[in-house]
Amino acid sequence: MRRKTRIWVCHSADLKEADYHRVDVLYSQKPSSVIVFRHNGECLAYRNLCVHMPRELDCEADMIFDATGRLLRCSMHGIVYEPKTGTSVSEICWGKKLTPVKVEEADDGIWISDKRVRPMDEQG
Ligand code: FES
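I will try to describe carefully the structure that is included in this document. Note that this is a predicted model, so its numbers are computed, not measured.

Within the open sheet, the four strands sit side by side as S4-S3-S2-S10. Their pairing is antiparallel. Unpaired on one side and paired on the other, strand S4 (42–47) and strand S10 (117–119) mark the two borders of the sheet. Each strand of the sheet is rotated relative to its neighbour by a mean of 45°, with strand direction disregarded. Across three bridges, strand S2 (residues 20–27) lies against S10 in antiparallel orientation. Bridged to Val25 within S10 is Pro119.

Put into structure tokens, the structure is as follows:
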């Protein structure tokens, strides 16, 4: 039986509204990263991979929200996404979705708990 692994992200208090943490991981055995952020008080996460091109949302700037703080924004060409669903609301790639990643917030901590996501040190 495959063991369950949770990947530590941070203490709950260290993830403020519209703030994010980037976690380098293996996603389906491939090096990747996950963005974990807080929106309307809720902790959410997606694979850090734009639907437009294979780029990370924070590839050009150390941020994932637009200037309003209400939409996620890819720093490469500016596609914006609805944070709760990960759906593109830009004309380009309209309706395409970021890949959601399961996260848990409990006991004042945040963990990635998605079976497709493994720690980087399991590589090789
Ligand atoms: S690669 Fe993200 S908007 Fe183009």
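That shown, we press on.
With that out of the way, let us pick up the pairing of strand S3 (residues 30–39). The side chains of a regular strand alternate, first on one face of the sheet and then on the other. As defined by bridge partners, S2 adjoins S3 across eight bridges and the pair is classed as antiparallel. Bridge pairing in S3 links Asp24 to Ser33. Two successive antiparallel strands, S2 and S3, enclose a turn made up of two residues, where Ser28 displays a positive phi of approximately 50°. In this structure, S3 lies alongside S4, joined through six bridges in antiparallel fashion. Looking at S4, one finds that Arg38 is bridged to Cys43. Hairpin connection, S3 to S4: the antiparallel pair is bridged by two residues, and Asn40 has positive phi, about 50°.

How each quantity is defined
- All residue numbers refer to positions counted from 1 along the written sequence of the respective chain.
- With the structure being a predicted model, the display of local features is reserved for residues of pLDDT at least 70 and the display and counting of side-chain atom pairs for 80 or more, all residues being used for whole-chain, interface and lining totals.
- A strand pair is defined by DSSP finding two or more bridges across the two strands.
- Each helix is a run of H or I in the DSSP string that is no shorter than four residues. Each strand is a run of E no shorter than two, and both are numbered from the N terminus.
- Helix axes are fitted only over the stretch in contact, all axes being lines through C-alpha atoms; the angle between N-to-C directions runs from 0 to 180 degrees.

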